[in-house]
Amino acid sequence: ILLLSCGSVYRALGNYEAAEKSYLAAEKIWRKDGNLSWQSAALNNLALLYHEALGEYEKANIFYKDALACARRCRYMASEAMIEIGLGELYMELGETDGARQSFEQAEAIARKIEDRFVGHYLVIAQAALSTLLGNIEQARQMLAQARPAIEASQSQYLLGLWLLQSGRLELAQGEARAAA
């Protein structure tokens, strides 16, 4: 767990090489120990590193899929849903909107089964991003408006920050730079 935490600190500090080494070392240990849930976490963090920090989308895709396979094998459904969302966000960046939609549908089915509010809120924000990308501005606006009270009630600063970010992106997509600020 320490290696995974160190990797996250390195990533936050912008030391991506050290983050990668920590995540790879953690994945190797958990793979050897047969701990699929922690192996999945390490693989997902590698996917996020390549996707969000390094822009190496092919590597990110491989790590997301490996993380997803581990999460499915150990039946860690919350992790599976979050990985599907990450994969969907990657597909959006690649312009593969059908792939994004499919990943979000998979995540939604899981979120309904496990009734995980965090996953559900995170998913709505990602789906609003997809709607915005597809030009369905009113649909995105409604999704975000409906999600806001529950996100605020959750008291998750992380989710609220994501909600605000997507709301700003929505305004920018409409050419409303003043409202986005």
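Our subject is the structure that appears above.
Residues numbered from 1 in each chain as written. Predicted model: local features only at pLDDT ≥ 70, side-chain atom pairs only at ≥ 80, totals over all residues. Heavy atoms only, no water.

Draft legend 1. Quick peek at the nonpolar core. Of all hydrophobic cores here, the largest spans 48 residues; its most connected members are Tyr64, Ile85 and Phe104. Put simply, the parts of the chain that give this core at least two residues each are helix H2 (16-33), helix H3 (36-53), helix H4 (57-73), helix H5 (77-93), helix H6 (97-114), helix H7 (117-133), helix H8 (137-154) and helix H9 (157-173). Ranked by residues supplied to this core, first place goes to H7 with eight residues. Tyr64 has contacts with Asn44, Ala47, Leu48, His51, Ile83, Gly86, Leu87 and Leu90, leaving out every residue within four places of it along the chain. (Core = buried A, V, L, I, M, F, W, Y, C linked by side-chain atoms within 4.5 Å. Buried < 20%, exposed > 50% of the residue type's maximum accessible area, 1.4 Å probe, protein only. Helix = DSSP H or I, 4+ residues; strand = E, 2+ residues; numbered from the N terminus. Contact = heavy atoms within 4.5 Å.)

Draft legend 2. View of the pattern of salt bridges. Taken as a whole, this structure holds ten salt bridges when the rule is applied. In this structure, Glu108 engages Arg112 in a salt bridge whose closest nitrogen and oxygen atoms are separated by 3.0 Å. Taken together, the residues span about one helical turn, with Glu108 and Arg112 both in helix H6 at a distance of four residues. What makes Glu108 partly exposed here is its relative accessible area of 26%. Given the relative accessible area of 62%, Arg112 is considered exposed. Linked by salt bridges that have partners in common, Arg72, Glu80 and Glu84 make up one network. (Salt bridge = Lys/Arg side-chain N within 4 Å of Asp/Glu carboxyl O.)

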